[in-house]
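Structure assessment
The lines below spell out each chain.
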4 protein chains.
Amino acid sequence: MSGASHSTEELPYGPAEGAPWRSRWFHIIFGHDDAPGRAFDVVLIVAILASVLVTILDSVPALHGGYARTFYVLEWLFTAAFSVEYVLRIAVVNRPVRYMRSFFGCVDLLSLLPAYLSLLFAGSQYLLVIRALRMLRIFRILKLNRYVDESHLLVSTLARSRHKILVFVCAILTLVMIFGALMYVIEGPEHGFTSIPTSMYWAVVTMTTVGFGDITPHTVLGQLLTSVIMLVGYSIIAVPTGIFAAELAAGMREARTHARCGVCHCDEHEADARFCRRCGAVLDTSV
Amino acid sequence: MSGASHSTEELPYGPAEGAPWRSRWFHIIFGHDDAPGRAFDVVLIVAILASVLVTILDSVPALHGGYARTFYVLEWLFTAAFSVEYVLRIAVVNRPVRYMRSFFGCVDLLSLLPAYLSLLFAGSQYLLVIRALRMLRIFRILKLNRYVDESHLLVSTLARSRHKILVFVCAILTLVMIFGALMYVIEGPEHGFTSIPTSMYWAVVTMTTVGFGDITPHTVLGQLLTSVIMLVGYSIIAVPTGIFAAELAAGMREARTHARCGVCHCDEHEADARFCRRCGAVLDTSV
Amino acid sequence: MSGASHSTEELPYGPAEGAPWRSRWFHIIFGHDDAPGRAFDVVLIVAILASVLVTILDSVPALHGGYARTFYVLEWLFTAAFSVEYVLRIAVVNRPVRYMRSFFGCVDLLSLLPAYLSLLFAGSQYLLVIRALRMLRIFRILKLNRYVDESHLLVSTLARSRHKILVFVCAILTLVMIFGALMYVIEGPEHGFTSIPTSMYWAVVTMTTVGFGDITPHTVLGQLLTSVIMLVGYSIIAVPTGIFAAELAAGMREARTHARCGVCHCDEHEADARFCRRCGAVLDTSV
Amino acid sequence: MSGASHSTEELPYGPAEGAPWRSRWFHIIFGHDDAPGRAFDVVLIVAILASVLVTILDSVPALHGGYARTFYVLEWLFTAAFSVEYVLRIAVVNRPVRYMRSFFGCVDLLSLLPAYLSLLFAGSQYLLVIRALRMLRIFRILKLNRYVDESHLLVSTLARSRHKILVFVCAILTLVMIFGALMYVIEGPEHGFTSIPTSMYWAVVTMTTVGFGDITPHTVLGQLLTSVIMLVGYSIIAVPTGIFAAELAAGMREARTHARCGVCHCDEHEADARFCRRCGAVLDTSV
């Protein structure tokens, strides 16, 4: 999401030089400040929404029966329009590779692929719902800085707790493997635990407290072990929640400390600090 | 809920001027301080409880068989009484539109509508349970300031975290759409994933760890993706909990006053402190 | 649990005066310091465990078939022994009513009742597992002060958050009533939502993310509303967890501040305070 | 996991003296610094992964049918190799008993046992997945200090909250026993509650919000009690999460150093502070 970029010039790529139509179309496609740019944004958002809606409705049997042909034509119309748009984006940018490798560049390409893949593999056109990701552009278009900041805080908190959460996921996977094998040995194929992979799937279903009930223990020993697994899974909910809450609280505390020392430029002070903790100069806390 | 309004004059509307019966009835209906006002409150609460109970019991087949006529008469009696009360409330208030647009004005109207709608659409009388919302008046009647304060803190915490939670809900919905489409393509209608909307319903059931088990994956690839979806949903529980806990902790800390010591500039003192807890200077608590 | 009472004299009742056997038996039954007292404790704990185990095993059909008579005799033997013990406790105490109204007095009586009730209502003997509550005595017997302190902190945290949690439970119940009635109207008896009480049971099952799957929505509108209910329930998990975490963190912070001012005897200071926040005297933080 | 031991000499056992081949092989097996040591590590990790994979695949009926013999041979080859490795580890260490009683010594032995047990009890070879625990060695091999530190913080937080969590588990078990017996009496064997142990299993399934749905209440009283059980279980999620979050936050706060300012006695400074953040005096960070 690359921070809070609200206008065209903050993008890592600018208008292509040379032909004037390129610079003009760059401002229409990538800009959100003048009338044509805003009009393009509105058309784009409506087209994305309509395209996702068509894909979803196409999958409903009752509608597919009557309107299969209409949906087919609409899907290809949207795909054609988005393909033209993608080519145009590459054409008007001065650094096409940079755009193609950016987050939105990848999403734009990914949301075209399922349509072309459906020529080879029937059914893959339903993956066109990935176009929903293009909607994320709306944060930039509407200049919703507040939301960008909030999601930035959430993402940075997740990033800071990634080591703790990775250790945690490894522990979960090891537990799932061992509990899965134990249940496979105890219950066996006759009670639905047909293989260790199936048992591991069941262990994940149980430890995450989802509990579909498609596979359930029937022996006394199996029910006893299941009780232990559930209590372990239940206690384990505490771990990621605790990690995240503690990291977020720390992140929110840090957000309050922007006062910068005029002498050594150190800008990491706590909310109630009056003197720079690095050089001892008086902090200007009037701002 | 508008803070802690315990007596009649804090309401945004007062008694209607002119005819003296209006002022008198205003104090009976909206006041909680004298004997007639309290008597009216008790009768109202009992009537609301009885009305909700009648609606609930009417829906039980075993009781509906024998007492359908009794329930029907009772429901219309309560509706008539509440309709008269609503008209009376409008009549005795000096600013009827303000009352009608207030929280309790809307609830009072909403709890009448299902009865009249049931003349057009059979079955809608069961929505009369919405009258339960009128019970919220009890906090004001019993002057339960403590509870009003507590719910105020909860509501303001929710309000402060609304940006973070909105970003979070958008992320969930995008994930639900993409996971739903993937499972529809992988499992297909023969395993219960009959359309993308159904798949999305299943994805919500799974990510919230509810797991009804009415639709379950049967292919190996589907079970693998389901494991990923469950672990993602499980990890995601951490996010709103962490947001809320961190915001609530911050809200509780803010409840401390911020009297600043004139000598050492320490400004973290508790509400009843008279001396700086760090340097011992007298605090200026006049502000 | 009444704090940390580790020896006999901290009990709210003492040995009965008069006959010396009473004082002697009081020390055996209520004391944990000398050899006879400890022997009585061990016998009591073993008897409680054995009694609960007999009740649980008696309910297993495979065992009930062969050993029904043995279990029956054993249950009545334990009941007789515990009845004698209860009478003895009353006889040797100087304030019998106080004992009978204390927490353990009520539990001791409650764990006798199901046996005598089973003479009137077959099956109620299985409620004898309530004897497990008598095991709580073990904390006092083993002088597990640490555990008493910990449970004291947990209980006091729960007590302090009771207002917030009561407001929260009221909100949940109102939501359950309204969602239950809506689902009853939308889905109707033909899909398992046979009455509003059943719908409310289903709403609780869904909002708590248990999701048995015995009743599930079948209409599109029902599945849409269910998705909303689940997301609401899912978000709501945040509320009690956040309340409890914030209160517990506050409770743990408070536990660190014991320094008492030598001048005004104020003993509520924060961990890093050097001067009394009430009278300004220097705090003695050497302890 | 014993902290951050990254090189051979931090192990609680060293190379065996005497024959030079022992010292040489000790560095190959236990060391991770030179080429032969790293080569051994890579071979070991690959062998463990392959061995676990063979065990899991062997349990899939479709594969077991065609490749049972291959899997059988492979499993015994891996077992033979790991047995030789285990004997070698004992031979080259100067304190064999210490190695055998260390965490990895126990895991190394445990991951051999199921293979030999399968000669006596058919099916126990599937427990070979316990070899996955040997993978934990990877943290030491890759010198992933960060992860070791993170898991150390998580483990120490869990250790510090163990008293609170033990009290909590006792409370849960008592509730499960009492709720289980009540549901057995209310619903009875005809609705699936065939015995108190089964009812207790159901109570754990319900209170942990797993909700398989294999056993569900059918009477009105049973559904009412179930609603209470679910709301209790739901509220109880708050407890371990709150405990863990509060302890983790405290643990992260403690990570700050406690250098005390000689002038204003402020002792909350961050690890790299050189001046008091409150009065500006130079901090004595020599301690």
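Basis of the calculations
Residues numbered from 1 in each chain as written. Chains lettered and ligands numbered in written order. Predicted model: local features only at pLDDT ≥ 70, side-chain atom pairs only at ≥ 80, totals over all residues. Heavy atoms only, no water. Helix = DSSP H or I, 4+ residues; strand = E, 2+ residues; numbered from the N terminus. Buried < 20%, exposed > 50% of the residue type's maximum accessible area, 1.4 Å probe, protein only. Contact = heavy atoms within 4.5 Å. Areas by Shrake-Rupley, 256 points an atom, 1.4 Å probe, with all protein chains shown as cover. UniProt positions renumbered as here; feature names shortened; annotations may be inferred. Phe/Tyr/Trp six-rings, centres within 6.5 Å; stacked < 30°, edge-to-face > 60°. Lys NZ or Arg CZ within 6 Å of the ring centre and 35° of its normal. Salt bridge = Lys/Arg side-chain N within 4 Å of Asp/Glu carboxyl O. Axes fitted to C-alpha atoms, helices over the stretch in contact; angles between N-to-C directions. Parallel < 35°, antiparallel > 145°, perpendicular 65-115°, else oblique. Nonpolar A, V, L, I, M, F, W, Y, C, P; charged D, E, K, R; others polar. Left-handed = near helix turned anticlockwise from the far one by under 90°. Patch = residues over 30% accessible without salt bridge, like charges linked within 9 Å, V, L, I, M, F, W, Y side chains within 5 Å. pLDDT = per-residue confidence, 0-100.

**Brief notes about the overall build of chain A**
Scanning chain A from N- to C-terminus turns up 12 helices and 0 strands. Starting at the N terminus, the α and β elements of chain A follow one another as α-α-α-α-α-α-α-α-α-α-α-α. Expressed as a percentage of its 287 residues, the buried residues of chain A come to 51%. Restricting to contacts in chain A with at least 6 residues of sequence separation, those with at least 24 account for 55%. Of the accessible surface of chain A, which amounts to about 13400 Å², a share of 69% is contributed by carbon and sulfur atoms.

**Details of the environment of Arg160(A)**
Residue and element names in this part refer to chain A. Along the polypeptide, Arg160 turns up in helix α8 (residues 145-160). In this structure Arg160 comes out as partly exposed when scored by relative accessible area, which is 32%. Spatially, the C-alpha atoms of Arg160 and Met230 are 29 Å apart, while their sequence positions differ by 70 residues. Among all residues touching Arg160, those that are not within four sequence positions of it are Glu247, Ala250 and Gly251.

**Side note on the UniProt feature "transmembrane region" (unreviewed entry) in chain A**
Within this numbering scheme, the UniProt entry marks residues 42-60, 72-92, 112-133, 165-186 and 228-250 of chain A as carrying the feature "transmembrane region" (unreviewed entry). With 89% helix and 0% strand, residues 42-60 of chain A has its two end C-alpha atoms placed 28 Å apart.

**Comments concerning the packing of aromatic side chains**
Inspection of every chain in the model, using the stated rule, returns 48 aromatic pairs over all chains. Ring geometry for Phe78(B) against Phe82(B): centres 6.3 Å apart, planes inclined by 20°, an arrangement best described as stacked. Here Phe78(B) and its partner Phe82(B) are both found in helix α3 (residues 61-92), 4 residues apart, which amounts to about one turn of the helix. Residue Phe78(B) is classed as buried on the basis of its relative accessible area of 16%. For the ring pair Phe103(B) and Phe104(B), a centre distance of 5.2 Å and an interplane angle of 70° mean the geometry is edge-to-face. Accessibility expressed as a relative area gives 42% for Phe103(B), which makes it partly exposed. The exposure class assigned to Phe104(B) is buried, which follows from its relative accessible area of 12%. What links up through ring pairs into an aromatic cluster is the set Tyr13(A), Phe26(A), Phe30(A), Tyr86(A) and Tyr99(A). Over the ring of Phe82(A) we find Arg134(A), and its NZ or CZ is 5.0 Å from the ring centre.

**Quick notes on the pattern of salt bridges**
Within this structure, the stated rule accounts for 16 salt bridges over all chains. Its salt-bridge partner being Arg134(D), residue Glu85(D) comes within 2.8 Å of it at the nearest N-O pair. Residue Glu85(D) is located in helix α3 (residues 61-92), and its partner Arg134(D) is located in the loop between α6 (113-117) and α7 (137-141); the two are separated by 49 residues in the primary sequence. A single salt-bridge network, built from bridges that share partners, covers Glu85(A), Arg89(A), Asp108(A) and Arg134(A).

**Regarding the side chain of Ser199(A)**
All names here are of chain A. Tracing the backbone through its elements, the reader meets Ser199 in helix α10 (residues 196-207). Given a relative accessible area of 0%, Ser199 falls into the buried group. For Ser199, the residues in contact, after removing those within four places along its chain, are Gly180, Met183, Tyr184 and Phe193.

**Here's the deal with unusual backbone geometry**
Residue and element names in this part refer to chain C. Even without being a glycine, Thr209 presents a positive backbone phi close to 60°. Tracing the sequence through the fold places Thr209 in the loop between α10 (196-207) and α11 (220-236). On the basis of relative accessible area, Thr209 is assigned to the buried category, the value being 2%.

**Focus on the packing of α10(A) against helix α11 (residues 220-236) of chain A**
Residue and element names in this part refer to chain A. The geometry of α10 relative to α11 is characterised by a closest axis approach of 8 Å and an angle of 55° between their N-to-C directions. Our classification of the angle between α10 and α11 gives oblique. Across the interface between the two elements, Trp202, Thr206 and Met207 from α10 touch Thr226, Ile229, Met230, Val232, Gly233 and Ile236 from α11. Of the residues that constitute the contact of α10 with α11, the class distribution is 6 nonpolar, 3 polar and no charged.

**Examining the packing of helix α2 (residues 35-58) of chain C against helix α3 (residues 61-92) of chain C**
All names here are of chain C. The geometry of α2 relative to α3 is characterised by a closest axis approach of 9 Å and an angle of 145° between their N-to-C directions. With respect to the hand of their crossing, α2 and α3 are arranged in left-handed fashion. Where α2 abuts α3, its residues Phe40, Leu44, Ala47, Ile48, Ala50, Ser51, Val54, Thr55, Leu57 and Asp58 lie against Leu63, His64, Phe71, Leu74, Glu75, Phe78, Phe82, Glu85 and Arg89. The residue makeup of the contact of α2 with α3, split by class, is 12 nonpolar, 3 polar and 4 charged.

**Here we look at a nonpolar patch on the surface**
Residue and element names in this part refer to chain D. A cluster of nonpolar side chains, contributed by Tyr72, Val73, Leu74, Leu77, Leu109, Leu110, Leu113, Tyr116, Leu117, Leu119, Leu120 and Phe121, occupies part of the molecular surface with about 1200 Å² of accessible area. Those elements that place two or more of their residues in the nonpolar patch are α3, α5 (103-110) and α6. Take the nonpolar patch: its biggest share by element is 4 residues, from α3. Following the sequence through the fold, Leu77 ends up in helix α3. Taking the relative accessible area as the measure of exposure, Leu77 reaches 54% and is therefore exposed.

**Details of the confidence of the model for chain A**
Residues of chain A with pLDDT of at least 70 account for 79%, and the chain-wide mean is 80. When pLDDT is averaged over each helix and strand of chain A, the minimum, 70, is found for helix α7 (residues 137-141) of chain A and the maximum, 93, for α10(A).

**Section: the environment of Val167(A)**
Relative to the elements of secondary structure, Val167(A) occurs in helix α9 (residues 162-187). When the C-alpha atoms of Val167(A) and Arg22(A) are compared, they prove to be 49 Å apart, with 145 residues separating the residues in sequence.

**Some words on the side chain of Ser118(D)**
Of note, Ser118(D) is situated in the loop between α6 and α7. If we ignore the near neighbours within four places in the chain, the residues touching Ser118(D) are Trp76(D), Ser124(D) and Gln125(D).

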